[in-house]
Protein chains: 2
Amino acid sequence: MHSPAAFDLDRVIAFALELDKLKAILRRTKPTGLDRYENSAEHSWQVSVLALAMAPYAEPPVDPVRVVELLLVHDVPEIDAGDTIIYARGADTREGERHAAARVFGLLPEPQGSRFLCRWEEFEARETPDSRFAYAMDRLMPLLHNLHNGGQSWRENDVPLARVLAVNEAIAAACPAVWDRIKPEIESHFARNDRNKENS
Amino acid sequence: MHSPAAFDLDRVIAFALELDKLKAILRRTKPTGLDRYENSAEHSWQVSVLALAMAPYAEPPVDPVRVVELLLVHDVPEIDAGDTIIYARGADTREGERHAAARVFGLLPEPQGSRFLCRWEEFEARETPDSRFAYAMDRLMPLLHNLHNGGQSWRENDVPLARVLAVNEAIAAACPAVWDRIKPEIESHFARNDRNKENS
């Protein structure tokens with residue numbers, strides 16, 4: 001398709017500028033070394049690169065570049081719906097994001113709009129190996145942040161060990177090697193914290 | 001490869017946390033609606049999504065997911081080398097970035113480290129259709145920002161029309177439809193600005 005209608009180009013441009021809004025959506029995690037919360041746009045980039053680097057250890061195997069497509073669009077509906085901490089997501093959240101996805105991806109011409117919407121739905125449904133691995137990477141990155149910044153978002157949001165393990169077990173299902181490596185670190189982090197509380 | 005050495009996993013994790021530093025590298029552009037400069041991490045995400053959406057109009061055709069891989073890693077060496085405005089890049093900049101690329105991608109185990117370094121080198125060389133299109137998208141996004149925020153980064157850095165057209169002609173070589181659409185808008189922007197200066 002070498003001669004798009006000017007109208008189609010204008011729609012892609014409007015969509016690209018709309019993406020700026022994701023840079024204003026703040027998450028609960030502070031990046032290493034920065035005293036501010038990260039936004040969902042920079043997070044989307046970081047998990048995409050993480051997924052490419054971690055893909056060789058996926059089990060079952062995945063198509064790394066498809067995983068990246070899922071991760072690039074997975075948070076776009078937050079432009080309308082906002083970010084919700086994983087430990088507090090409910091049915092309302094999903095409904096709001098579904099409307100948002102239809103609106104934002106609907107800014108695009110076809111076939112791009114439908115393609116992005118399909119990718120977003122695949123990520124949400126988590127029924128394919130690619131989407132399960134993408135979701136695992138989306139869970140892994142804030143875990144790594146917490147393990148390297150003294151559990152900042154766990155502390156600020158009162159998240160207990162049992163909840164961290166339950167929510168993040170999705171990592172075990174898509175990348176068991178990394179879960180085996182990380183789980184004992186999470187447990188020691190909370191054990192250390194409990195000892196500190198007792199001693200204080 | 002289902003049972004990576006723990007050592008390899010630790011290297012991927014160290015690399016993922018190192019990526020946080022790109023969130024602190026500021027560019028010259030302010031995102032639409034935000035009164036702050038954007039950082040290179042959120043920019044990398046935005047141009048990757050833009051590339052996926054604009055890929056059907058690439059000429060010659062490109063592999064959209066390969067383009068995305070190039071864009072995801074294209075700014076990573078700025079972690080050490082910093083961002084340089086496109087209108088002021090020289091041989092020193094390239095040398096600094098080459099060292100930075102070797103160090104940062106060298107944090108990864110193999111084959112991931114070499115793969116990322118190859119992608120980064122391909123982007124820099126701009127000899128393949130995929131890399132030329134990726135570069136065009138990297139140029140297009142700040143153009144769109146400037147056209148929608150009154151030429152903010154052009155004004156702040158005293159960039160004249162002739163320089164904007166010369167540097168961004170790379171867009172014409174990889175996505176002529178979008179350049180045909182955008183070039184007259186750039187010219188009217190500068191013509192309007194010149195008239196305003198005369199009248200003030």
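Quick caveat: nothing in here was measured; it's all calculated off a predicted structure.

1. Quick look at the side chain of aspartate 138 of chain B
Residues and elements named next belong to chain B. Positionally, aspartate 138 belongs in helix H7 (residues 129–148). Among buried charged residues, aspartate 138 stands out as having no salt bridge; its nearest opposite-charge side chain is arginine 139, 4.1 Å away. One polar contact links aspartate 138 to histidine 43, side chain to side chain, over a distance of 2.8 Å. Within the local environment of aspartate 138, its side chain forms a polar contact with the side chain of histidine 74, the two groups lying 3.1 Å apart. With sequence-adjacent residues up to four places away left out, aspartate 138 is seen in contact with His43, Val47, Leu71, His74 and Phe123.

2. Quick word on the interface of chain A and chain B
Each side of the interface is counted separately: chain A has 56 residues, and chain B has 56 residues. At the boundary of chain A with chain B, total buried surface from both sides reaches about 5,200 Å², with 72% on carbon and sulfur atoms. For chain A, the biggest contributors to the area lost against chain B are Lys23, Trp45 and Tyr57 of chain A; these three give 16% of the whole. Across the pair lysine 23 of chain B and glutamate 38 of chain A runs a salt bridge, and its minimum N-O distance is 2.7 Å. If you look at where chain A meets chain B, you find 24 residue pairs in polar contact (both at pLDDT 80 or more). Among the secondary structure elements, those contributing two or more residues to the side of chain A that touches chain B are helix H1 (6–18), helix H2 (40–54), helix H3 (64–73), helix H6 (112–125), helix H7 (129–148) and helix H11 (176–199) of chain A. The element contributing the most residues to the side of chain A that touches chain B is H2 of chain A, with 11 residues. When its residues are assigned to classes, the side of chain A that touches chain B shows 37 nonpolar, 9 polar and 10 charged.

3. Regarding unusual backbone geometry
Residue and element names in this part refer to chain B. For the peptide bond that leads from glutamate 59 to proline 60, omega is 0°, which places it in the cis range. Mapped onto the secondary structure, proline 60 falls in the loop between helix H2 (40–54) and helix H3 (64–73). Going from glutamate 110 to proline 111, the amide bond is cis rather than trans, its omega being 10°. One can find proline 111 in the loop between helix H5 (91–105) and helix H6 (112–125).

4. With respect to the relation of the copies chain A and chain B
Once chain A has been moved 0.0 Å along the axis and rotated by 180°, it coincides with chain B to within an RMSD of 0.0 Å. Put plainly, the chains are arranged around a two-fold axis. When C-alpha distances to the rotation axis are compared across chain A, the minimum falls at glutamate 42 of chain A, with a value of 2.0 Å. Both copies present the same face, since 100% of the interface residues in chain A are matched by interface residues at the equivalent positions in chain B.

5. Focus on the nonpolar core
Grouped together as the largest cluster of nonpolar side chains are 120 residues, with contacts concentrated most on Met54 and Phe133 of chain A together with Met54 and Phe133 of chain B. Beyond its immediate sequence surroundings of up to four residues, phenylalanine 133 of chain A is in contact with Ala51, Met54, Ala55, Ala58, Val62, Val67, Ala174 and Cys175 of chain A.

6. Description of the packing of aromatic side chains
The description of an aromatic ring pair uses the distance of the two centres, along with the angle that the planes make with each other. Per the counting criterion, the structure on display carries 10 aromatic pairs over all chains. Centre to centre, the rings of phenylalanine 15 of chain B and phenylalanine 105 of chain B are 6.5 Å apart; their planes meet at 40°, and the pair counts as tilted. Residue phenylalanine 15 of chain B is found in helix H1 (residues 6–18), and its partner phenylalanine 105 of chain B is found in helix H5; the two are separated by 90 residues along the sequence. Note on accessibility: phenylalanine 15 of chain B and phenylalanine 105 of chain B belong to one class, buried. Aromatic rings pair up to connect Phe15, Phe105 and Phe116 of chain A into one cluster. Positioned above the aromatic ring of tyrosine 135 of chain A is the side chain of arginine 126 of chain A, whose terminal nitrogen or guanidinium carbon lies 3.6 Å from the ring centre.

7. Quick notes on the confidence of the model for chain A
Residues and elements named next belong to chain A. Chain-level pLDDT for chain A is 92 on average; 94% of the residues reach the 70-or-more range. Within chain A, the element-level pLDDT minimum falls on helix H5 (residues 91–105), averaging 87, and the maximum on H2, averaging 98. Here the complex is predicted with pTM 0.94, and the ipTM for its interfaces comes to 0.94.

8. Let's talk about the environment of arginine 119 of chain A
Residue and element names in this part refer to chain A. By the element assignment, arginine 119 lies in helix H6. By relative accessible area, which is 15% here, arginine 119 ends up buried. Sequence spacing of arginine 119 and cysteine 175 is 56 residues, and the spatial spacing of their C-alpha atoms is 21 Å. Filtering out sequence-adjacent residues up to four positions away, arginine 119 remains in contact with Arg66, Glu69, Leu70 and Val73.

Reading the values: the criteria
Throughout this document, residue positions are counted from 1 along each chain, in the order its sequence is written. Chains carry letters and ligands carry numbers; both start at the beginning, A for chains and 1 for ligands, and go up in the order they are written. Where totals are concerned, whole chains, interfaces and linings use all residues; where local detail is concerned, this predicted model gives features only for residues with pLDDT of at least 70, and gives and counts side-chain atom pairs only at 80 or more. Hydrogens and waters are ignored; side-chain quantities use all the structure's heavy atoms. Only DSSP runs of H or I reaching four residues or more are called helices, and only runs of E reaching two or more are called strands; each is numbered from the N terminus. Buried, partly exposed and exposed residues are distinguished by accessible area as a fraction of the type maximum, computed with a 1.4 Å probe on protein chains only: under 20%, between the cut-offs, and over 50%, respectively. Counting rule for charge: Lys and Arg are taken as positive, Asp and Glu as negative, and neither His nor the chain ends is counted. One side-chain nitrogen of Lys or Arg within 4 Å of one carboxyl oxygen of Asp or Glu is enough to make a salt bridge. N or O atoms closer than or at 3.5 Å make up a polar contact, with two conditions inside protein: a donor-capable atom paired with an acceptor-capable one, and, for residues adjacent in sequence, both atoms drawn from side chains. When checking whether two residues touch, look at their non-hydrogen atoms; a contact exists if any pair is within 4.5 Å. Here the quantity called buried area is the total loss of accessible area, with a 1.4 Å probe, experienced by two parts when brought into contact, counted for both. Under the grouping applied here, Gly and all other residues not named as nonpolar or charged are polar, the nonpolar ones being Ala, Val, Leu, Ile, Met, Phe, Trp, Tyr, Cys and Pro and the charged ones Asp, Glu, Lys and Arg. Superposing the copies works by least squares over the C-alpha atoms of residues that have pLDDT at least 70 in both of them. We define the nonpolar core as a collection of buried residues of types Ala, Val, Leu, Ile, Met, Phe, Trp, Tyr and Cys that are connected through side-chain atoms lying within 4.5 Å of one another. Pairing of aromatic rings covers Phe, Tyr and Trp, the last counted by its six-membered ring, and requires centre-to-centre distances within 6.5 Å; plane angles under 30 degrees mean stacked, over 60 mean edge-to-face, and any other angle means tilted. Geometrically, a lysine NZ or arginine CZ counts as sitting over a ring once it is within 6 Å of the ring centre and also within 35 degrees of the ring normal. A residue's pLDDT is simply how confident the predictor is in it, with values from 0 to 100.

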